[in-house]
Amino acid sequence: MKKIHVVAHTHWDREWYFSDNEAFIQFSYHMDEVIYALEKNELDYYYLDGQLSIIDDYLKVYPEKETKIKELVEANKLFIGPWYTQMDEFVVAGESVVKNLQIGIDMSKRLGGHTSLGYLPDSFGQGKDMPKIYNGFGITDAVFWRGMPNEVTKSREFYWAAEDGSKVLTINIRNGYYAGVALVEGELYQKKAMLELVSEDSATEIVTLPVGGDQRAVDRDLKAIIQDVNEQFGTEYKIEESNYPHIFNLLREKTNELPTVQGEFMSGSVSKIHRSIYSSRYDLKKLNDTIENRLIFQLEPLMLMADDLGIPFKRELLDYIWKLLLKNHAHDSIGGCNTDKTNEMILARYKEADQLSYSTIDYLVRKISESIQGIKENDLILFNTLPYTRTDPYVVEVSTKHEKIRLFDEMNNEVDSQILSTEKVYAGEVRRSESDYDEAKYYYIHKVSFRKETRPLGYTIVTVKEQTGSNSSVIALNVEDKHIENELYKISFSKGKFSILVKNQGKTYENCLYMEESGDEGDTYDYSPAYHDKVYQLNFDTTDITVQTGAFLSTMTLNGQWSLPKDLHARKVGELNVQIDYTFTLSLSKDSKRIDMNVKLNNQAMDHRMRLVVKTPVKTQVSYADTLFGIVERNNQDPHIHDWKKLGWKEEPTEIYPMIHYSTIHDDTSSWSIMSKGIKEYQVIDSSLYITLFRGVGFLGRPELLRRPGDASGNQYRYIPTPNSQLLGNLEMSLSLIITDDFDPAMIQKEYQIYSVTSPYYQVQTLNRFTNPIQYFQSNKVDQLNSLKEFIDLNNSKLVFSALELSRDGQWVNIRLYNPSLTEAVTNEKITLATESTVRFVDLNGDLLESLGKLKEVSLGTFKPGEIKTVSIER
């Protein structure tokens, strides 16, 4: 006899084709009904979608309800957490997932405690690193729906393992988290069919049946319905109200009957997975990347440095910014599959988080700089917020009264520099006519590049000295020999095509960069080719070329136009009736492994997709991309790409994949990696990497896509136009290419961190009070700055640095590291501290795992493939 465990719940999308404000009004009444139903024993248990953000919103308006919620949680009637929001697993950073759980668990502590369950019922696929993240929070059970193919396991209950040995006992919900609604609303035969269906693939007699759905009201008659169904089908099924902790306790007794599986799950065989949602609303994803990187690699390390110096760490401020960002990590929100109205609210949260985060950095670097003893006018303070010595060239802007400048270090030795540009600016009161301006009130803003070694988590000072005369920079316009080079590469441009010489290989790769443009008759969920498509290969056929060369930075800038179809009708008839202006810039810094690329274009076409094509010599059947805490290997061709319709799959398994920060293909002779700032999608065709810059579409959902037959996603009953998702207007994309002999994922991630955030800096001067919005206002100096402590140096580590964070009690500094390899362990890694300190290992939530005692040299032990460790050092 099958025992059906009914879990009453709701799945609460914070926003979607409705705004979060509209959803909140419904939730404010819904939560009252939940409390009433549990207090009156209309329900024994209720699961509140595993996320705290909706309760956070509720309690801001109804703080008096906190006591009642806590009572129900402590009585094991209401189950909350552990997440702050129901996040995506493929396009956000690993540390964002950690922060999501940290903040959710911390908030739930005051509400009676969280449910220790990895619950993600509607995420568009499951990332391979989730078991180790869950285990890092003491979570050993998980529930999900989408992405699991039948060919991996037919059992709905299994152990899901990661390569480091972490594993969680998992329930894969059959037919979705809303399957049990038929129990409440269906006719008797429908109820019977549903019970048979959800019982089919259960490995034991224990069957999980969630009863709930999107924004679903409380099913107040559930007890009577269960009693009636038991009377009807009592010889085959026993149905009872239940909860997830109870179900997992029962399953754990059946461990010998359960299989173990490993890897990521993004198959569209049994549910829509939206394998190309990674390129929807590129503009929002770019903002997300910018803020994530700033919070992880700049703001929290800088706040820690400031705290050491005597400027208090503001935990509440940091959490507030993170919450704004995490609200945008809900799977629909970060996916971009929303109405324009909703995306505007998402954009507003990004703007708030953006302004708060960069303003905090601006404030702290100014406060520290102006408080340094002996600091003087025109001193330039350079900050390094990473645990590596920074030797890459700085690019900064400084303001001076005179036109010519030179730079000097602390020993008054001149620092070699390269002036990139100089602009004359007026500092006096503005007038209608510039002829009224006082010549004595002009000053100069110089953009300058130079190299100055800066120790990990420290700062250094360079002095700007003004000279008579004028600066010079080397600029060649439309020269015959159009190339730039550094110690590693020489990039040449001729007749619309690029070639790259990799100097250490002695090989030149011809025509290796171009653009591809094609139609997109999909929607905000999925790319799909136009029914009448034409694909265009776009070379850079232009004579408007600027080459700037110098000791520290060389750039090649191309300006041109592409003629394209304006819309799907023009594409069908082959009409090229719109012009897209573009600027494509390639940059090489001194000694850099990277070829930095920037694309600016004015998109005036609709329903189309643009991709950068990187043509490589690599021969391989697989590609690699970074994941939350590691890398993943993926097939360049899906085995079911030709028979998916015959098999009845929900969507075509096009080999379009997500990347968080980079994707790679390599073989025995070379490795080609593309990093990006906000671009999240790639595909490998033959030997070329196709990187989706953006795609524009006009509807939330469309039916009968070539890649996704059947009903429209989102709302199947009507078309919902999303003209803003066409992304008309000016767009900017940043990417970087690294060509090496071997694939080294730890090196790539380190390069990405250096690439993703600039080093904060501050010039002590009064000429330009608008270098940031708050510099205009007076700020008091710190009476006496403490000495900045030397901390750690990870220059030679084979591990990936993931985070530097202050523990919630303020007593410990936590350093998170991981081994990205899929197969190789990392051994004999050590951290040398500046002074002997008490050291321990903690989990991802900062809870103690092992005390190591007082140490100066910390042995990290062996890192298994994919393993994460957090070292905690007493302050």
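Just above, that's the structure.
What comes next concerns the included structure. (Residues numbered from 1 in each chain as written. Predicted model: local features only at pLDDT ≥ 70, side-chain atom pairs only at ≥ 80, totals over all residues. Heavy atoms only, no water.)

**Focus: the overall build of the protein chain**
In step 1: Along its length, the protein chain carries 15 helices and 43 strands.
In step 2: On C-alpha atoms alone, the protein chain measures out to a radius of gyration of 29 Å, which is about the 29 Å that the 2.2 N^0.38 rule sets for 875 residues.
In step 3: The C-alpha extent of the protein chain, read off along each of the three principal axes, is 95 × 70 × 60 Å.
In step 4: Put simply, the protein chain has 875 residues, and 62% of those count as buried. (Helix = DSSP H or I, 4+ residues; strand = E, 2+ residues; numbered from the N terminus. Rg over C-alpha atoms; globule rule 2.2 N^0.38 Å. Buried < 20%, exposed > 50% of the residue type's maximum accessible area, 1.4 Å probe, protein only.)

**Overview of the sheet that holds strand E24 (residues 536–538)**
In step 1: As summarised here, the arrangement of the 6 strands in space is E24-E23-E29-E36-E35-E32, forming an open sheet in which the pairing is antiparallel. Two strands close off the open sheet at either side, each with one partner strand: E24 and strand E32 (656–658). Between one strand axis and the next, the sheet turns by 30 degrees as a mean value, whatever way the strands run.
In step 2: Bridge count between strand E23 (residues 513–519) and strand E29 (residues 608–615): 7 bridges; the pairing is antiparallel. Bridge pairing in E29 places Tyr514 opposite Val613. (Pairing = 2+ DSSP bridges. Axes fitted to C-alpha atoms, helices over the stretch in contact; angles between N-to-C directions.)

**Comments concerning the environment of Ser688**
In step 1: Positionally, Ser688 belongs in strand E36 (residues 688–696).
In step 2: You can call Ser688 buried: its relative accessible area is 9%.
In step 3: Along the backbone, Ser688 and Pro259 are 429 residues apart, and their C-alpha atoms lie at a distance of 38 Å.
In step 4: Each residue touching Ser688, except ones within four places of it in the same chain, is listed here: Val613, Val614, Lys615, Thr616 and Gln683. (Contact = heavy atoms within 4.5 Å.)

**Notes on the packing of aromatic side chains**
In step 1: Inspection of the entire model under this criterion finds 41 aromatic pairs.
In step 2: For the ring pair Trp16 and Phe18, a centre distance of 6.3 Å and an interplane angle of 75 degrees mean the geometry is edge-to-face. With respect to class, Trp16 is no different from Phe18; both count as buried.
In step 3: Taken together, a centroid distance of 5.5 Å and an interplanar angle of 85 degrees make the contact between Trp145 and Tyr178 edge-to-face. One end of the pair, Trp145, is in the loop between strand E5 (141–144) and strand E6 (157–161); the other, Tyr178, is in the loop between strand E7 (167–172) and helix H6 (181–185), and 33 residues separate them in sequence.
In step 4: Here the aromatic cluster, defined as three or more aromatic residues joined through ring pairs, consists of Phe493, Phe498, Phe540, Trp562, Tyr582 and Phe584.
In step 5: The positively charged end of Arg840 is found above the aromatic ring belonging to Trp812, 3.8 Å away from the centroid. (Phe/Tyr/Trp six-rings, centres within 6.5 Å; stacked < 30°, edge-to-face > 60°. Lys NZ or Arg CZ within 6 Å of the ring centre and 35° of its normal.)

**With respect to the pairing of strand E37 (residues 729–740)**
In step 1: For E37, the tally of buried residues reaches 10 of 12 residues, placing the bulk of the element in the interior.
In step 2: Of the strand pairs in this sheet, strand E28 (residues 594–603) and E37 are connected by 10 bridges, and their pairing is antiparallel. Directly across from Asn603, in E37, lies its bridge partner Gly729.

**A word on the pairing of E28**
In step 1: The buried fraction of E28 is high, at 8 of 10 residues.
In step 2: Counting the residues in the hairpin turn of strand E27 (residues 578–589) and E28 gives 4 residues, including Asp591, whose phi is positive at 65 degrees.

**Comments concerning unusual backbone geometry**
In step 1: At the junction of Gly81 and Pro82, the peptide bond is cis and its omega measures out at 15 degrees in the coordinates.
In step 2: Tracing the backbone shows Pro82 in the loop between strand E3 (78–79) and helix H4 (94–109).
In step 3: Positive phi outside glycine occurs at Asp49, with the angle close to 65 degrees.
In step 4: Phi at Asn175 takes a positive value of approximately 65 degrees, unusual for a residue other than glycine.
In step 5: When you line up the elements, Asn175 lands in the loop between E7 and H6.

**Side note on the environment of Val622**
In step 1: Secondary-structure assignment places Val622 in strand E30 (residues 622–627).
In step 2: For the pair Val622 and Gln637, spaced 15 residues apart in sequence, the C-alpha separation works out to 8.2 Å.

**Description of the nonpolar core**
In step 1: The biggest cluster of nonpolar side chains holds 215 residues, and the ones touching the most others in it are Ile69, Leu78, Phe498, Trp562, Leu601, Met733 and Leu735.
In step 2: Not counting the four nearest positions on each side in its chain, Leu78 is found in contact with Met31, Val34, Leu38, Tyr46, Leu48, Ile69, Leu72 and Val73.
In step 3: Tyr47, Phe79, Tyr119 and Trp145 belong to the second-largest nonpolar core, a separate cluster that totals 18 residues. (Core = buried A, V, L, I, M, F, W, Y, C linked by side-chain atoms within 4.5 Å.)

**Some remarks on the sheet that holds strand E10 (residues 260–262)**
The strands making up a sheet associate through backbone hydrogen bonding, with each pair oriented either parallel or antiparallel.
In step 1: Read from one edge to the other, the open sheet built from 5 strands follows the order E4-E5-E7-E6-E10, with strand pairing classed as mixed. Strands with a single pairing partner mark the edges of an open sheet, and in this sheet they are strand E4 (118–120) and E10. Averaged over all neighbouring strand pairs, the angle between strand axes comes to 30 degrees, with direction disregarded.
In step 2: Strand direction decides the pairing type here: E5 and E7, joined by 4 bridges, are parallel. From the neighbouring strand, Phe144 faces E7, where its bridge partner is Asn172.
In step 3: Across the sheet, helix H9 (residues 244–252) lies against E4, E5, E6 and E7, angled at about 110 degrees from E7, the strand it touches most.

**So, helix H15 (residues 745–756)**
In step 1: For H15, spanning 12 residues, the distance from its first C-alpha to its last is 16 Å, which sits close to the expected 16 Å at 1.5 Å a residue.
In step 2: Among the residues of H15, Pro745, Ala746, Met747, Ile748, Gln749, Glu751, Tyr752, Gln753, Ile754, Tyr755 and Ser756 are the ones counted as buried. (Expected span 1.5 Å × (residues − 1).)

**Brief notes about the side chain of Ser528**
In step 1: Assignment of secondary structure puts Ser528 in the loop between E23 and E24.
In step 2: The class of Ser528 is buried, set by a relative accessible area of 1%.
In step 3: A distance of 3.1 Å separates a polar atom in the side chain of Ser528 from the backbone nitrogen of Arg707.
In step 4: Residues within four places of Ser528 in sequence aside, it is in contact with Gly519, Asp520, Glu521, Gly522, Leu705, Leu706 and Arg707. (Polar contact = N/O pair within 3.5 Å; in protein donor to acceptor, adjacent residues only side chain to side chain.)

**Considerations on the side chain of Asp20**
In step 1: Locating Asp20 in the fold gives a position in helix H1 (residues 20–39).
In step 2: Overall, the relative accessible area of 14% leaves Asp20 in the buried class.
In step 3: Within polar-contact distance, the side chain of Asp20 engages the side chain of Arg349 at 3.0 Å.
In step 4: Leaving out residues up to four positions away in the same chain, Asp20 has contacts with Arg14, Glu15, Met345 and Arg349.

**What about the pattern of salt bridges?**
In step 1: Within the structure shown, the criterion is met by 63 salt bridges.
In step 2: Notably, a salt bridge pairs Arg220 with Glu42, separated by 2.8 Å at the nearest N-O pair. Within this pair, whereas Arg220 is found in the loop between strand E8 (206–211) and helix H8 (222–233), its partner Glu42 is found in the loop between H1 and strand E2 (46–47), the two being separated by 178 residues in sequence.
In step 3: Taking the shortest distance from any N to any O, the salt bridge between Arg702 and Asp607 comes out at 3.4 Å. Placement of Arg702 in the loop between E36 and E37 and of Asp607 in the loop between E28 and E29 is noted, with a sequence separation of 95 residues between them. (Salt bridge = Lys/Arg side-chain N within 4 Å of Asp/Glu carboxyl O.)

**As for the packing of helix H10 (residues 282–309) against helix H11 (residues 315–327)**
In step 1: One can describe the packing of H10 onto H11 by two numbers: an axis separation of 11 Å at closest approach and a directional angle of 165 degrees. Between H10 and H11, the angle falls in the class roughly antiparallel. For the pair H10 and H11, the sense of crossing is left-handed. Where H10 approaches H11, its residues Asn288, Ile291, Glu292, Leu295, Ile296, Leu299, Glu300 and Met303 are matched on the opposing element by Arg315, Leu318, Ile321, Trp322 and Leu325. (Parallel < 35°, antiparallel > 145°, perpendicular 65-115°, else oblique. Left-handed = near helix turned anticlockwise from the far one by under 90°.)

**Things to note about helix H7 (residues 188–199)**
In step 1: Here H7 contains 12 residues, and its C-alpha end-to-end distance of 17 Å stays within 8% of the 16 Å for a straight helix at 1.5 Å per residue.
In step 2: Its buried side turned inward, H7 meets strand E1 (2–8), H6, E8, H8 and strand E9 (237–241).

**Some points on the packing of H1 against helix H3 (residues 66–74)**
In step 1: Two numbers describe how H1 lies on H3: the axes approach to 11 Å, and their chain directions differ by 50 degrees. When the axis of H1 is compared with that of H3, the two are oblique. In the packing of H1 onto H3, the handedness of the crossing is left-handed. Note on element contacts: H3 touches H1 through Lys68, Ile69 and Leu72, opposite Met31, Ile35, Leu38 and Glu39.
In step 2: Of the residues that constitute the contact of H1 with H3, the class distribution is 5 nonpolar, no polar and 2 charged. (Nonpolar A, V, L, I, M, F, W, Y, C, P; charged D, E, K, R; others polar.)

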